[in-house]
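# Residue-level structure breakdown
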Amino acid sequence: GTMGGLLVGGLLFKTVGWRVLAVSGMIYGLVYGYERLTWTNQAKMRAFKQQYVEHAARKLRLIVDMTSANCSHQVQQELSSTFARLCHMVDETTAEMKDEVKQIDKNIKQLDEVANKSKVLRNEASFLANKLDMFQTSYLA
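Right, let's walk through the structure included here. (Residues numbered from 1 in each chain as written. Predicted model: local features only at pLDDT ≥ 70, side-chain atom pairs only at ≥ 80, totals over all residues. Heavy atoms only, no water.)

### Comments concerning the overall build of the chain
A tally of helices and strands in the chain yields 3 helices and 0 strands. Reading the helices (α) and strands (β) of the chain from amino to carboxyl end gives α-α-α. Relative to its length of 141 residues, the chain is extended, with a C-alpha radius of gyration of 53 Å against a globular reference of 14 Å. Taking the principal axes of its C-alpha atoms as reference, the chain extends roughly 160 × 35 × 30 Å. Buried positions account for 1% of the 141 residues belonging to the chain. Each charge sign in the chain was given a centre, from 18 positive and 14 negative side chains, and these centres are 23 Å apart. (Helix = DSSP H or I, 4+ residues; strand = E, 2+ residues; numbered from the N terminus. Rg over C-alpha atoms; globule rule 2.2 N^0.38 Å. Buried < 20%, exposed > 50% of the residue type's maximum accessible area, 1.4 Å probe, protein only. Lys, Arg positive; Asp, Glu negative; His and termini not counted. Charge placed at Lys NZ, Arg CZ, Asp CG, Glu CD.)

So, in structure tokens, the structure goes:
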């Protein structure tokens, strides 16, 4: 410790000279004195407040990040469950619509059959009416 410091100091003294060492020591002393004089209670309070602000900002950023991640996860879960529920509703509605379409097709088929039967009956009625008219003109008039 001390012996090494003396050896380094002696080596420096021989290489650079006493003037350079004195000027360096004086500059160091002036900087140290300036620091010592400006390090008042008010300066300490300012430094403490600055450190506290930085610390609080770090903690708040951490809280915001954690809350944001939790919120994002919760929103993702909510969207997934809503999507699954909507898919289920779509499947149910599609099945109901298919059933309704089958029923409507069945009704259309029945109505077509009734329409065809009514055409046949109308044609038969027309034929009988014509026969009756011919009978009336031939035998009754």
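### Here we look at the packing of helix α1 (residues 2–16) against helix α2 (residues 18–38)
Each packed pair of helices is defined by two parameters, the angle between the axes and the distance between the axes. It is at 6 Å that the axes of α1 and α2 come closest, and there the two elements cross at 115°. Along the contact surface, α1 presents Leu12, Phe13 and Val16, while α2 presents Trp18, Val20 and Leu21. Each residue belonging to the contact of α1 with α2 can be placed in one class, and the counts come to 6 nonpolar, no polar and no charged. (Axes fitted to C-alpha atoms, helices over the stretch in contact; angles between N-to-C directions. Contact = heavy atoms within 4.5 Å. Nonpolar A, V, L, I, M, F, W, Y, C, P; charged D, E, K, R; others polar.)

### Some points on a nonpolar patch on the surface
Together, Val8, Leu12, Phe13, Val16, Trp18, Val20 and Leu21 line one region of the surface with nonpolar side chains, adding up to about 640 Å² of accessible area. Those elements that place two or more of their residues in the nonpolar patch are α1 and α2. Along the polypeptide, Val16 turns up in helix α1. (Patch = residues over 30% accessible without salt bridge, like charges linked within 9 Å, V, L, I, M, F, W, Y side chains within 5 Å. Areas by Shrake-Rupley, 256 points an atom, 1.4 Å probe, with all protein chains shown as cover. Salt bridge = Lys/Arg side-chain N within 4 Å of Asp/Glu carboxyl O.)

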